[in-house]
Every structure is written in C-alpha cells, then in structure tokens.
Amino acid sequence: QVQLVESGGGLVQPGGSARLSCAASGNIFRINTMGWFRQAPGKQRELVAMIARGGYTNYADFVKGRFTISGLNADNLVSLQMDSLKPEDTAVYYCNAFAVERGRTWPRDYWGQGTQVTVSS
C-alpha cells in the first residue's frame, strides 16, 4: 500500500496564504504524479493542481496565478502554496498520488484523508 499524509490548512483570512504538504510513503515503486484535489460541501471533487516527475505542472483555471505546486523531486513530497485565498477556496483538500506499488505493473490512484481549508474573516 501507499500512504499519503497531509499537513497544513486551517482557518485563513481572505487574501491570506496557506501551505499544504503531502508526504507519500509505503510500498512505492514509482510515483508518476502527485497533486491536490478539493471538495466543497455539496460539490464534486475537483482538480486543483498536479505535478509530474520532471516538473510538468497543471493547474485548474480558478487557481492559476494564485497557487503554486512544487516537489516530487528526490523525495516523495509535494507542497501547495496558496496565496490570495478567497472564501470560495473553502473546501477539504485531498492529496493524490498516481503511483505504482512494488510488485505491481500498473499505477493507480491513492488518496490522503483530506485537510480542511476555511477562508473566512
């Protein structure tokens, strides 16, 4: 199995910043991508940002220019720097890894337990 442990989040004022981190561990052969999704109450889970080994990144339009994803270099760690936060960014943020376990051939999705980010004054 692959375990993802998230940290960061909490209550942030509008216009403020927060940083999320996610560390992957366990029976990892290779991680192809890591990223962050979010889910607000009554809404579907949606992609926020992802990063691939080699540095390719992809962002949702609603966070471009405000959020920055980094990591997945020598270690299995990824961070999401969130600036200029808005109330509509309030959600549970989930770390995701698309990875291959040792002894297996194909990658699959793994998820963290989620961390709450609340943007409110």
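Each remark here, short or long, concerns the structure printed above.
Below is a summary of the structure that appears in this document.

Procedures and definitions
- Residues numbered from 1 in each chain as written.
- Predicted model: local features only at pLDDT ≥ 70, side-chain atom pairs only at ≥ 80, totals over all residues.
- Heavy atoms only, no water.
- Helix = DSSP H or I, 4+ residues; strand = E, 2+ residues; numbered from the N terminus.
- Contact = heavy atoms within 4.5 Å.
- Polar contact = N/O pair within 3.5 Å; in protein donor to acceptor, adjacent residues only side chain to side chain.

As for the environment of methionine 82
Now for step 1: With respect to the helices, strands and loops of the structure, methionine 82 is situated in strand β8 (residues 77–82).
Now for step 2: For the pair methionine 82 and tyrosine 94, spaced 12 residues apart in the sequence, the C-alpha separation amounts to 14 Å.
Now for step 3: With residues near it in sequence (within four places) discarded, methionine 82 still touches Gly16, Ser17, Ala18, Leu20, Arg66, Phe67, Tyr93 and Val117.

Examining the environment of aspartate 109
Now for step 1: Within the element layout of this structure, aspartate 109 appears in strand β10 (residues 108–111).
Now for step 2: For the pair aspartate 109 and methionine 34, spaced 75 residues apart in the sequence, the C-alpha separation amounts to 9.5 Å.
Now for step 3: Residue contacts for aspartate 109: discarding those within four places in its chain leaves Asn96, Ala97 and Phe98.
Now for step 4: Within the structure, aspartate 109 has its side chain in polar contact with the side chain of asparagine 96 (distance 3.2 Å).

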